[in-house]
Amino acid sequence: MPPIDCEDQELLEGFLAETTELLEKLDDDLITLEKASDDTELMNRIFRSIHTIKGASSFLGFDLLVKVAHKTEDVLNRLRKGELLVNPEIMDVILEATDLVKLLVSDIKAGEIQERETEGTISKLLPFLSEPAVSAQAPAASAAPAPEGGVDAPPTSVEQAQVASASLDAAPPPVSEPAASSVPMPDATVAPPQKTGGEMVPKKAAPAPKPAEGKSEDLSDNTTVRVDVKRLDDLMNQVGELVLERNRMIQINQNLQQGDVNKDDFNEEFGKLTKRMNFVTSELQMQVLKMRMLPVEKVFKKFPRIVRSMARDLGKEVDLQIFGEETELDRSVVDEIGDPLIHLIRNAMDHGLETPDERVAAGKSRVGTLVLAAVHEGNQIIISIKDDGRGIDTDRVGRKAVEKGLLTEDQLAAMSQREMFDLIFLPGFSTKEKATDLSGRGVGMDVVKTNIKKLNGIIEIKSEKGQGSEFILRLPLTLAIIQSLLVEVEGEVYSIPLSSVLETLRVDQRQFHLIGGQEVLKLRDMVLPLLRLQKIFNVQQRYDKNDFCYVVVVGAADKRMGLVVTRLVGQQEVAIKSLGSYLANIPGIAGSTILGDGQVALIVDPVGLIDSVEGNAGR
Amino acid sequence: MNNALVPVNSDESRSELIQLVSFNLDQEEYGVDVLKVREIIRMPTVTRVPNTPHYVDGVINLRGKVIPIISMRKKFGLMEAENDKQTRIMVMDVDGELMGFIVDAVSEVIRISGSEIQPSPAVVASGVDQECIAGVINQAERLLVLLDLEKMFSLDERKVFGSL
């Protein structure tokens, strides 16, 4: 088998892009189909997708893929003709087959074709092919059997033509004449199942960019971005203006050097310039930020599938409602929130929602509701996962935590409702007696907490026993540029991400209390642990002792803490700069930024600080 | 160019011409491979970074990039000195990352042939880690200590650095 040459490489890339897109839609469509099994249009679309995938892969000689896709297509074809009825069992198998197709495609993408076990899945498909057609019920049950050779025939027949032509000269693959696929074949029939010889071993995609091993589920392509031409034009315009302003600035400087301006003129000119520069750069910033944005749909769309299979495994009935999937957020955030959301959904499905019988007994409708919603609020995106299940039983949670030795009776007694909720985030905590496939190891919620913290996000829990729970995630829109609060600690300037700042106070230090060596402040109804940045960052005392200082109350995930600083400088939007690998992982420091005067200011990592305080308290 | 200085004893490298940037530190003269030096700048304001090894002076803004600054004097356990007009930061490429090193003064770029490099004597004064000395150049009127910066931050040290 000759190595894939340049032409083939292009074909291959086209194939991968198309297939990936089709597969992304396919999952969604299949789930919808289960609910609306008489939607012929949808049925046909699904059929076409899998058909296209089969056609294209047989053209390129991906043997395994063809086999799986072909059998799936056959089953779908029977469904389409109304010979079989859509039921959960069939859907399970079809979804399994789709997953296999995804896996195979991701193998191809990674450039390493592996021998995957496909027989298992295929053998599950086979019974549905031999099963007698549901002739008796068919006319009655499936209201609108797809009109064969009717409305939907033209598009499919064209595709079939392609497949047929491709399969005719499939072995050896038509490396020399890729145009073959576009030649329409008059006698278009469904391509016969391919019996290909040993030489049809799938070939390797020559220079694979990255072998994405172990990431078989990730079919999305994050290395390139598609940008609307309009947005690009806007950007170009802004850059043009920036160039104008730069010229203006050079001019002003020249005039100043030559000394032919008076002070007032200069002030006015320079003031104007500053304003315009400010305007243009913020516009530019917005534009570039927008280009990095992705709709949260990218993450949300895999959930219907997950919820469905979980509901079937758990024997629960769930109605998943998704709102605000068009909400956009930065790619960096999109990449990170997938995992925590899955865990939260699992949690809601497994612990939150009851079984249909339990629900009926509790006077609720059989079908549980799970609402997943995303919305913008200022500089944050808020994602909420809400179920109408049994809610968090704080008594039980508390008891479990004591049983597991995660805290003492005394500690438990002193806890507020909210602190009790927070117990579920403890690593190793689970109310389940036995770990199952789905949950019970006490890992999930810990993952949620760590990931959300990593994103500078905050989690809130609202829950009422018997009524359901809601997990609210507040996440920053982007990780590259953040709003920050600049504070001064004995002459040194530090930047605190505003997303984690809850409030600032000016306090007399004499109001601080000391509990077990830990300085605390009574703030309304809560006792706030304090941390002196001066102490933790070893800043030299520069000013005379002053009774008054400022306390910046920060929150990370579910914890609150007060940072004691000398002075508040102000609020500023800052770009995050990495400190490089040599200075990575300094406790309490998340990175650095460059201030208006060119100085470097360090960005405080409230999450790390809170952890370090907890760590000390534990010791 | 990674190993330009390492095979000191092999015959080919003996005749090869090497360019070194020479700098001063506490009355001694040192040299580093010119290809490792990205630029030489005057002392800007350094932002202190807490909880780092004592020889890390902090970070600076190098045209929009934040790079760490290492005090060579502190690193080598020499007496600390006030920064003056001669003080420079040599920005160098250490294993693909930029780092700045504070030195007393940078003097010149010199050319030497590989054969002039002698292995360093067993005992070197002034506490410079034996590890990072690639050799000594003994010319009529000067003695130059050749440094290998990549060795200066040995793997272990980097880990410590990272996990501090």
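Just so it is clear, the structure is predicted and the values come from calculations on it, not from any experiment. Along each chain, the written sequence defines residue order, and numbers are assigned to residues from 1. Going through the entries in the order they are written, you letter the chains from A and number the ligands from 1. Only residues with pLDDT of 70 or above have their local features reported here, since the model is predicted, and side-chain atom pairs are shown and tallied only from 80 upward, although totals for entire chains, interfaces and linings are computed over all residues.

With respect to the overall build of chain B
Step number 1: The helix count covers DSSP runs of H or I at least four residues long, the strand count covers runs of E at least two residues long, and both are numbered beginning at the N terminus. A count of helices and strands for chain B gives four helices and 11 strands.
Step number 2: Burial is judged by counting the other C-beta atoms within 10 Å of a residue's own C-beta: 20 or more makes it buried, 12 or fewer makes it exposed, and any count in between marks it as partly exposed, with every C-beta position built from the backbone. The 164 residues of chain B split such that 31% are buried.
Step number 3: What counts as a contact is two residues whose backbone-derived C-beta atoms lie within 7 Å of each other. Intrachain contacts of chain B at a sequence separation of at least 6 include 55% that bridge at least 24 residues.

Looking at the overall build of chain A
Step number 1: Scanning chain A from N- to C-terminus turns up 19 helices and 18 strands.
Step number 2: When the 619 residues of chain A are sorted by exposure, 31% land in the buried category.
Step number 3: Pairs at least 24 apart in sequence give 71% of the contacts found in chain A among residues at least 6 apart.

Thoughts on the nonpolar core
Step number 1: If you look at the biggest cluster of nonpolar residues, it comprises 64 residues, and the most contacted ones within it are Tyr494, Leu533, Val552, Leu563 and Val604 of chain A together with Val59 and Phe101 of chain B.
Step number 2: In this structure Phe101 of chain B touches Ile70, Met72, Ile89, Met90 and Met92 of chain B, once residues within four positions along its chain are discounted. The nonpolar core criterion groups buried Ala, Val, Leu, Ile, Met, Phe, Trp, Tyr and Cys residues into a set whenever they are joined through C-beta atoms within 7 Å.

Focus: the pairing of strand E2 (residues 28-33) of chain B
Residues and elements named next belong to chain B.
Step number 1: Should DSSP find at least two bridges between two strands, the strands are regarded as paired. In terms of strand pairing, strand E1 (residues 17-25) meets E2 through six bridges, oriented antiparallel. Within E2, the position partnered with Asn24 by the bridge is Glu29.
Step number 2: A loop of two residues connects E1 with E2, the two strands running antiparallel in sequence, and Asp26 in this loop sits at a positive phi of about 50°.
Step number 3: Sheet topology places E2 next to strand E11 (residues 143-147); three bridges connect them, and they run parallel. Paired with Tyr30 across the bridge in E11 is Val145.

Focus: the sheet that holds E2 of chain B
Residues and elements named next belong to chain B.
Step number 1: Pairing is mixed across the open sheet formed by six strands, whose spatial order is E8-E1-E2-E11-E10-E9. Whereas interior strands pair on both sides, the edge strands pair on one side only; in this sheet they are strand E8 (105-113) and strand E9 (117-118).
Step number 2: The pairing of E9 with strand E10 (residues 133-138) spans two bridges and is antiparallel. By the bridge assignment, Gln118 is partnered in E10 with Val136.

Details of the environment of Met526 of chain A
All names here are of chain A.
Step number 1: Take Met526: it is sitting in strand E13 (residues 526-532).
Step number 2: Taking the number of C-beta atoms within 10 Å as the measure of exposure, Met526 has 13 and is therefore partly exposed.
Step number 3: Counting along the chain gives 110 residues from Met526 to Ser416, while the straight-line C-alpha distance between them is 9.8 Å.

As for the interface of chain A and chain B
Step number 1: Each side of the interface is counted separately: chain A has 21 residues, and chain B has 21 residues.
Step number 2: Counting residues per element, the ones that place at least two in the side of chain A that touches chain B are strand E17 (589-594) and strand E18 (600-604) of chain A.
Step number 3: Basically, the charged four are Asp, Glu, Lys and Arg, the nonpolar ten are Ala, Val, Leu, Ile, Met, Phe, Trp, Tyr, Cys and Pro, and anything else, Gly included, counts as polar. For the side of chain A that touches chain B, the per-class residue count stands at 12 nonpolar, seven polar and two charged.

Section: the packing of helix H11 (residues 303-314) of chain A against helix H12 (residues 331-352) of chain A
When two helices pack together, their arrangement is given by the angle between the helix axes and the distance between those axes.
Residue and element names in this part refer to chain A.
Step number 1: Across the interface, H11 lies against H12 with an axial gap of 10 Å and an inter-helix angle of 30°. Considering their axes alone, H11 and H12 lie roughly parallel with respect to each other. Pair H11 / H12 crosses with right-handed handedness. Contacts between H11 and H12 pair Phe303, Ile306, Val307, Met310, Ala311 and Leu314 from the former with Ile342, Ile345, Arg346, Met349 and Asp350 from the latter.
Step number 2: By residue class, the composition of the contact of H11 with H12 is nine nonpolar, no polar and two charged. Whenever a helix is involved, its axis is fitted only over the stretch in contact; in every case the axis is a line through C-alpha atoms, and angles between N-to-C directions fall within 0 to 180 degrees. Working rule for angles: under 35 degrees goes down as roughly parallel, over 145 as roughly antiparallel, 65 to 115 as roughly perpendicular, anything else as oblique. The handedness criterion is simple: a crossing whose near helix is rotated anticlockwise from the far helix by less than a right angle is left-handed, and one whose near helix is rotated clockwise is right-handed.

Considerations on the pairing of strand E8 (residues 481-489) of chain A
Residues and elements named next belong to chain A.
Step number 1: In terms of strand pairing, E8 meets strand E16 (residues 567-575) through eight bridges, oriented antiparallel. Looking across to E16, one finds that Ile482 is bridged to Val574.
Step number 2: The pairing of E8 with strand E9 (residues 492-497) spans six bridges and is antiparallel. Each residue of the ladder has a partner; that of Leu485, found in E9, is Ile496.
Step number 3: Counted along the chain from E8 to the antiparallel partner E9, the turn is two residues long, and its residue Glu490 has a positive phi close to 45°.

Focus: the confidence of the model for chain B
All names here are of chain B.
Step number 1: Known as pLDDT, the predictor's per-residue confidence is scaled from 0 to 100. For chain B, per-residue confidence averages 78 on the pLDDT scale, and 77% of positions sit at 70 or higher.
Step number 2: The secondary-structure element of chain B with the lowest mean pLDDT is helix H4 (residues 155-163), recorded at 49, while strand E3 (residues 37-42) shows the highest, at 92.
Step number 3: In the predicted structure, residues 1-12 sits below a pLDDT of 50 and forms 12 contacts with residues beyond four places in sequence or in another chain.
Step number 4: Here the prediction assigns the complex a pTM of 0.52, and the interface score ipTM is 0.78.

Points about the sheet that holds E18 of chain A
Residue and element names in this part refer to chain A.
Step number 1: Here we have five strands laid out as an open sheet, ordered E16-E8-E9-E18-E17, and mixed in their pairing. In this open sheet, the two edge strands, each paired with only one partner strand, are E16 and E17. Averaged over all pairs of adjacent strands, the angle between their axes in this sheet comes to 35°, without regard to strand direction.

Structural notes on the confidence of the model for chain A
Step number 1: Residue-level pLDDT values for chain A average 75, and 79% of them are 70 or greater.
Step number 2: Across residues 1-6 of chain A the pLDDT falls below 50, and counting only partners more than four positions away or on other chains, this stretch makes 10 contacts in the model.

Digging into the environment of Leu20 of chain B
Step number 1: With respect to the helices and strands, Leu20 of chain B occurs in strand E1.
Step number 2: When neighbours within four sequence positions are excluded, Leu20 of chain B is seen to be in contact with Gly31, Val32, Asp33, Val34, Val109, Ile110 and Ile112 of chain B.

Re the environment of Phe279 of chain A
All names here are of chain A.
Step number 1: Its location among the elements puts Phe279 in helix H9 (residues 263-291).
Step number 2: Taking the number of C-beta atoms within 10 Å as the measure of exposure, Phe279 has 13 and is therefore partly exposed.
Step number 3: Along the chain, Phe279 and Leu242 lie 37 residues apart, while their C-alpha atoms are 9.7 Å from each other.

Focus: unusual backbone geometry
Step number 1: The backbone phi angle of Glu490 of chain A is positive, close to 45°, even though this residue is not glycine.
Step number 2: Relative to the helices and strands, Glu490 of chain A resides in the loop between E8 and E9.
Step number 3: Taking the C-beta count within 10 Å as the criterion, Glu490 of chain A has 15 such neighbours and is therefore assigned partly exposed.
Step number 4: Even without being a glycine, Asn51 of chain B presents a positive backbone phi close to 55°.
Step number 5: When you line up the elements, Asn51 of chain B lands in the loop between E3 and strand E4 (56-62).

Considering the packing of helix H4 (residues 88-110) of chain A against helix H5 (residues 119-130) of chain A
Residues and elements named next belong to chain A.
Step number 1: Axis separation between H4 and H5 bottoms out at 10 Å; the angle between their running directions is 145°. Once H4 is placed against H5, the crossing between them reads as left-handed. For the pair H4 and H5, the contacting residues are Ile90, Val93, Glu96, Ala97 and Leu100 in the first and Thr121, Lys124, Leu125 and Phe128 in the second.
Step number 2: Of the residues in the contact of H4 with H5, the class split is six nonpolar, one polar and two charged.

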